[in-house]
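Descriptive structure summary
Chain residues, written in single-letter form:
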Amino acid sequence: MRKLFFGLIVLVLMMMFAMPAAAVDMSVNGEFYVQGYYDDNGDLLKEETGANGSSSAWYNTRLRVDAVLTVDPSLKLVTRFDALEGYWNTPGGPAEYDAGREDDNIDFDRAYIDLKTKYGRFFVGYQCGGTWGTWFANKEIDVARIKYYYFNKGLVCGGIIEKNREGDQGTDLTDADNDKYYLYAIKYFKGGQVGILYGNIDYAAWKSTARFDMHYHLIYPYLKWKVGNIYVEAELNYAFGDSKVWDDGIAADDVDKKGLSWYVNGKYSFGNAYVGGQIAFVQGDDPDTADEDESGPTGSDYDPCLILWNSDLVKWSGQNLGHGPTSGDSMANSWLYQIYAGMSVNPKIDIVASYSYATADEDANLEDDEIGSEIDVTATYKVFENLEYMVGFGYFMAGDYYKANKSDEVDNDYVVMHKLILTF
């Protein structure tokens, strides 16, 4: 019996070694950057008021690696991790520098299956979410989702199931989850594309704490179009439904959701230069309608300026300012008007300059609605094909809108920054 058992083991081993090995190919790409900032007056206060932290300076860095394991031409495992994301030589950092960055040395963000079939393409696992259409109202995050994608004759369509929070684990609240469901379609045509996204946002995880549900819908159409030397992109975002539906027995009024935001950007290119302009609007919540939430959809990826609503500055500045009406990194309750121009001085040097002006939509502070204006200039030098060095200067002239939140006097702010970027 022992000999028979030994013989079976040998036979199995021989079969294993004789079987063709499954070839797995790996491709790696990513980015490493180091950047430095000097922010002169992030709190927007007059120096004589004695405010603390009126200026700050720092270096920060991040390594991002995307690795794709190809098991079969139709089957891939896609991963991403970030490493060493933090300030230079401030592990943990003082409390005022906990600005929402990743403190882990290595932080895995994505791992999902990419499967191609004759019936379409499936993405399953932790993957990129929060992006659609143009960069306006985007907020790229890493989320657990199942995405379906089908392409035929220039038409893309599909759907997404996304889990933002699981409330069933260890509780008897079967439906206390935060989920999102999307349907989308994109049509490609000569010179551009047009698309529309429908979202069903079902947030019920607050049942166990705040005792209300949130259930609303999103409609996001967009356009990208290039004809000759002219390029135009636009996006409209509309949210409607229920912002708060209180449980029975809670003495509070339900709150309806209906908010609008939109963005238009046009650019004209000539030779090695271009000029353009953009207008963006995010509706504010009317303080006189307590039973309605009119705040428009927004996202932190939209960084039109180096200071005003710049998510990178807010993340690393150590101060929750953002120089916007909501003191955050996303444009909100505002109108933005911007003109810009850029030029390639030579194949290695690019220069971009812009002037922006912003006002508030709803002036809840009973002060002036002028947010302010900003001048930005950036220059990028291509050291090598995969190595760039960028320097930037931004000057923000704060408007009287900030007086109610700051003091009777507000002052201007400027930022000087530089960034070394290696892509591979």
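Here goes a summary of the coordinates provided. Remember, predicted model here, so these are calculated numbers, not experimental data.

Thoughts on the nonpolar core
In terms of nonpolar packing, the biggest core is built from 31 residues, with L308, L336, I371, F396 and Y402 touching the most fellow members. Only β1 (25-39), β13 (273-282), α2 (311-317), β16 (349-360), β18 (387-398) and β19 (413-423) provide two or more residues apiece to this core. In this structure, L197, I201, Y220 and A239 belong to the second largest nonpolar core, which totals 15 residues.

A word on the environment of S334
Summarising the element assignment, S334 is placed in strand β15 (residues 334-346). Separated by 38 residues in sequence, S334 and G296 place their C-alpha atoms 9.7 Å apart. Within the local environment of S334, its side chain forms a polar contact with the backbone oxygen of A332, the two atoms lying 2.5 Å apart.

What about the pairing of β1?
Each regular strand displays side chains that alternate between the two surfaces of the sheet. The pairing of β1 with strand β2 (residues 56-72) spans 15 bridges and is classified as antiparallel. Opposite V34, over in β2, you have T61 as the bridge partner. Two strands pair when backbone bridges link them, and β1 and β19 are joined in this way by 9 bridges, in the antiparallel orientation. By the bridge assignment for β19, G36 is matched with H418.

Things to note about a negative patch on the surface
Taken together, the side chains of D242, D253, D254, D256 and D291 present a region of like negative charge at the surface. By the secondary structure assignment, D291 is in the loop between β13 and β14 (292-293). Exposure remark for D291: the relative accessible area of 41% places this residue in the partly exposed category.

Looking at the pattern of salt bridges
The full count for this structure, using the stated rule, is 12 salt bridges. K257 serves as the salt-bridge partner of D293, at 3.5 Å between the closest nitrogen and oxygen. In this pair, D293 sits in strand β14 while K257 sits in strand β12 (residues 255-270), placing the two residues 36 residues apart along the sequence. Ionic pairing is found between E292 and K258, a salt bridge with its closest N-O pair at 3.6 Å. Of the two residues, E292 sits in strand β14 while K258 sits in strand β12, which places them 34 residues apart along the sequence. Owing to a relative accessible area of 36%, K258 belongs among the partly exposed residues under this scheme. Each of D66, R80, R110, E140 and D142 takes part in a single network of salt bridges with overlapping partners.

Looking at the packing of aromatic side chains
Under the definition given, this model contains 21 aromatic pairs. Centre to centre, the rings of W135 and Y302 are 5.0 Å apart; their planes meet at 75°, and the pair counts as edge-to-face. In this pair, W135 sits in the loop between β5 (120-129) and β6 (141-152) while Y302 sits in the loop between β14 and α2, placing the two residues 167 residues apart along the sequence. Y302 sits in the buried class, given a relative accessible area of 1%. Look at F281 and W335: their rings are 4.4 Å apart centre to centre, the planes differ by 40°, and that puts the pair in the tilted class. In this pair, F281 sits in strand β13 while W335 sits in strand β15, placing the two residues 54 residues apart along the sequence. F281 gets classed as buried once you look at its relative accessible area, which sits at 7%. Through successive ring pairs, a cluster of aromatic residues spans W135, F136, Y263 and Y302. Sitting over the ring of F123, K147 keeps its end group 5.7 Å from the ring centre. Over the face of the ring belonging to Y274 we find K267, whose NZ or CZ atom lies 4.8 Å from the ring centre.

Rules behind the numbers
Residue numbers run consecutively from 1 along every chain, following the written order of its sequence. Reporting of local features is limited, given that this is a predicted model, to residues whose pLDDT is at least 70; pairs of side-chain atoms are given and counted only at 80 or more, and all residues count toward the totals for whole chains, interfaces and linings. The basis for the side-chain values is all heavy atoms of the structure; hydrogens and waters are excluded. By nonpolar core we mean a set of buried residues, namely Ala, Val, Leu, Ile, Met, Phe, Trp, Tyr and Cys, connected to one another through side-chain atoms within 4.5 Å. Working definition: with a 1.4 Å probe on protein chains only, accessible area under 20% of the residue-type maximum means buried, over 50% means exposed, and in between means partly exposed. A run of DSSP states H or I qualifies as a helix once it reaches four residues; a run of E qualifies as a strand once it reaches two. Both are numbered from the N-terminal end. In protein, a polar contact requires one atom able to donate a hydrogen and another able to accept it; more generally it is a pair of N or O atoms within 3.5 Å, and residues adjacent in sequence count only if both atoms are side-chain atoms. The rule for pairing is simple: two strands pair if DSSP sees at least two bridges between them. What makes a patch is a set of residues exposed beyond 30% relative accessible area and free of salt bridges, joined within 9 Å when like-charged and within 5 Å when nonpolar (Val, Leu, Ile, Met, Phe, Trp, Tyr). Surface accessibility in these figures is a Shrake-Rupley result with a 1.4 Å probe; residues are shielded only by whichever protein chains are displayed. One speaks of a salt bridge when a side-chain nitrogen belonging to Lys or Arg is within 4 Å of a carboxyl oxygen belonging to Asp or Glu. Charge convention: Lys and Arg are scored as positive, Asp and Glu as negative, and His as well as the terminal groups of each chain are ignored. A single reference atom marks each charge: NZ on Lys, CZ on Arg, CG on Asp, CD on Glu. By convention, a stacked pair of Phe, Tyr or Trp rings (six-membered ring in the case of Trp) has centres within 6.5 Å and planes under 30 degrees apart, an edge-to-face pair has planes over 60 apart, and any other such pair is tilted. Definition used: whenever NZ (Lys) or CZ (Arg) falls within 6 Å of the ring centre and also within 35 degrees of the ring normal, the charge is taken to sit over that ring.

Limitation: the analysis is restricted to geometry and does not speak to function.
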